[in-house]
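Okay, here's what each chain looks like letter by letter:
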Amino acid sequence: MGSKAPAVREEPSLHRVARRATPRRYLMCPPAHFKVTYSINPWMDPAKPVDVPLAVAQWEELRDRYRSLGHTVEELRPHPDLPDMVYAANGATVVDGRVLGASFVHPERKPEAAAHLEWFRANGFTEVHEPTHINEGEGDFAVTSGYVLAGRGFRASPLSHGEAQEVFGRPVIGLDLVDPRYYHLDTALAVLDDTTDDVMYYPAAFSPGSQAVLRRLFPDALIAEEPDAVALGLNAVSDGLHVLLPQEAVGLFAPLRERGYEPIGMDLGELLKGGGSVKCCTQELRPA
């Protein structure tokens, strides 16, 4: 009788992780005055008209989907002279109830910062910090369980990273963006689970050194392919279970399901004309 082969110990796999949604609170701004009359990123083309009623309908579908999933959505009043206010994620970053306001690099968006700070002060936030250095909110700050990931290269000043570390009291990890299509961190990386530090990202958007940092920090990350990155599939929002992302990022749906997530495709085609999608429209208000 031949000897019995030794049992092979199976390693735990990501798709066996039991995912759980946690209620979130978001800040959004309706695109009532959305238009593309200037170009401050490679996605913006003033020659392409914007269908504002369609943009509003797409935005409302996103807002209503959040609410149907049990999340709270606060609304910031849009201003007729600020067409990019719909990209509410850029207006501030909130971690543990502490608010670091934004400071925009382009003059077209600079007045948005004051509108956000006014909202926070009027809505019970007591630790509201006006920035000294250029940062564009959650466009370039992503929050995990232990770190704040911080993009730089096109918008945020590297000096804003130290400022964020002082405000939030968390280590800030700088990541260099090198492809102008991915001008903000939230176009190249998404946090899927901020309790287990599960992320997805597109490596080619980052410098070689930053790619090495990401591999070290997140060895099991979901790696996106170029077609899904170009569809802004990484401009996504996750509550730990449901992942809302552009419906065109079809290559991400199966890998997300394998990890135990429930991907939900959203059509924000009109808002993509301004260079943003799900995440750009959604600022998370993380409680103390």
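One numbering rule holds for all chains: residues counted from 1, following each sequence as written. It should be noted that, the model being predicted, local features are given only for residues of pLDDT at least 70 and side-chain atom pairs only at 80 or more, the latter also being counted only at that level, while totals for whole chains, interfaces and linings use all residues. Excluded from the side-chain calculations are hydrogens and water; all other atoms, namely the structure's heavy atoms, are used.

Peer 1: What am I meant to see in the nonpolar core here?
Peer 2: The biggest cluster of nonpolar side chains holds 34 residues, and the ones touching the most others in it are Leu149, Leu189, Met200, Phe206, Leu245, Leu252 and Leu256. Helix and strand labels come from DSSP, where a helix needs a run of H or I of at least four residues and a strand needs a run of E of at least two; each type is numbered from the N terminus. Elements with a contribution of two residues or more to this core: β8 (172-176), β9 (189-193), β10 (198-201), β13 (242-246) and α6 (253-258). At four residues, β9 tops the list of elements feeding residues into this core. Note on contacts: a residue pair is in contact if any heavy atoms of the two residues lie within 4.5 Å. Beyond its immediate stretch of four places on either side in the chain, Leu256 contacts Leu192, Met200, Leu222, Val243, Leu245, Tyr261 and Pro263. By size, the runner-up hydrophobic cluster in this structure holds 23 residues, among which are Ala55, Trp59, Leu62 and Val73. Here the nonpolar core consists of buried residues drawn from Ala, Val, Leu, Ile, Met, Phe, Trp, Tyr and Cys, with membership extended through side-chain atoms lying within 4.5 Å. Burial classes follow relative accessibility: with a 1.4 Å probe on protein chains only, a residue under 20% of its type's maximum area counts as buried, one over 50% as exposed, and anything between as partly exposed.

Peer 1: Help me understand helix α2 (residues 112-122) in this model?
Peer 2: An α-helix turns once every 3.6 residues. As a result, residues three or four positions apart point the same way. Among the residues of α2, those classed as buried are Glu112, Ala113, His116, Leu117, Trp119 and Phe120. Down the axis, α2 shows its buried residues gathered within 160 degrees of arc, on one side only. In α2, the exposed positions that point more than 90 degrees away from the buried face belong to Glu118 and Ala122. Here the buried face of α2 lies against β1 (25-28), β2 (72-75), β3 (92-95), β4 (98-101), β5 (128-129) and β15 (283-284). A positive phi of about 85 degrees marks Gly124, the residue just after α2. When we speak of the arc, we mean the arc of directions from the helix axis to the C-beta atoms.

Peer 1: Explanation requested: the sheet that holds strand β14 (residues 262-266) in the structure shown.
Peer 2: Strand-to-strand pairing in sheets goes through backbone hydrogen bonds, with the strands running parallel or antiparallel. Only strands that DSSP links by at least two bridges are regarded as paired with each other. Here three strands make up an open sheet; going across it, the order is β12-β13-β14 and the pairing mixed. Each edge of the open sheet carries a strand with a single partner, namely β12 (237-238) and β14. Both β13 and β14 contribute to a ladder of five bridges, which runs parallel. When the sheet's bridge partners are listed, Leu244 is paired in β14 with Ile264. Helix axes use the C-alpha atoms of the stretch in contact, all axes being lines fitted to C-alpha atoms, and the angles between their N-to-C directions lie in the range 0 to 180 degrees. Across the sheet, helix α1 (residues 52-68) touches β12, β13 and β14, and the angle it forms with β14 is around 155 degrees.

Peer 1: Explain the pattern of salt bridges to me, please; I cannot follow it from the model alone.
Peer 2: Where side chains of opposite charge bring their charged atoms close, a pairing between them can arise. Salt bridges, as used here, are contacts in which a Lys or Arg side-chain nitrogen is within 4 Å of a carboxyl oxygen on Asp or Glu. Counting across every chain of the model gives 21 salt bridges. Between Glu74 and Arg25 there is a salt bridge; the shortest N-O distance is 3.2 Å. Highlighted residues: Glu74 in strand β2 and Arg25 in strand β1, separated in sequence by 49 residues. Note on Glu74: relative accessible area 23%, which makes it partly exposed. Ionic pairing is found between Glu284 and Arg286, a salt bridge with its closest N-O pair at 3.8 Å. Residue Glu284 is classed as buried on the basis of its relative accessible area of 11%.

Peer 1: Mind showing me how you'd approach empty space enclosed by the protein here?
Peer 2: Empty pockets left among the atoms are what a rolling probe the size of a water molecule brings to light. Using a 1 Å grid laid over the protein atoms alone, points where a 1.4 Å probe fits but cannot get out form a cavity; open sets with protein on both sides within 12 Å along at least 5 of 7 lines form a pocket; any residue with an atom within 4 Å of a point counts as lining. Grid points are joined across faces, edges and corners, and a volume is the space filled by probe spheres set on the points. A full pass over the atoms with the stated rule returns three cavities of 30 Å³ or more. Within this model, the largest cavity holds a volume of roughly 240 Å³. Considering the residues around the largest cavity, the lining is formed by 19 residues, among which Val191, Ala236, Lys279, Glu284 and Arg286 are closest to the centre. Breaking the lining of the largest cavity down by element, the ones donating at least two residues are β6 (141-143), β9 and β12. Sorting elements by how many residues they give to the lining of the largest cavity places β9 first, with four residues. Here the residues of the lining of the largest cavity are counted per class, giving 11 nonpolar, one polar and seven charged. By volume, the second largest cavity amounts to about 80 Å³. What lines the second largest cavity is a set of 14 residues, among which Asn41, Tyr87, Arg109, Tyr183 and Gly274 lie closest to the centre. Any residue that is not Ala, Val, Leu, Ile, Met, Phe, Trp, Tyr, Cys, Pro, Asp, Glu, Lys or Arg is counted as polar, Gly included; the first ten are nonpolar and the last four charged.

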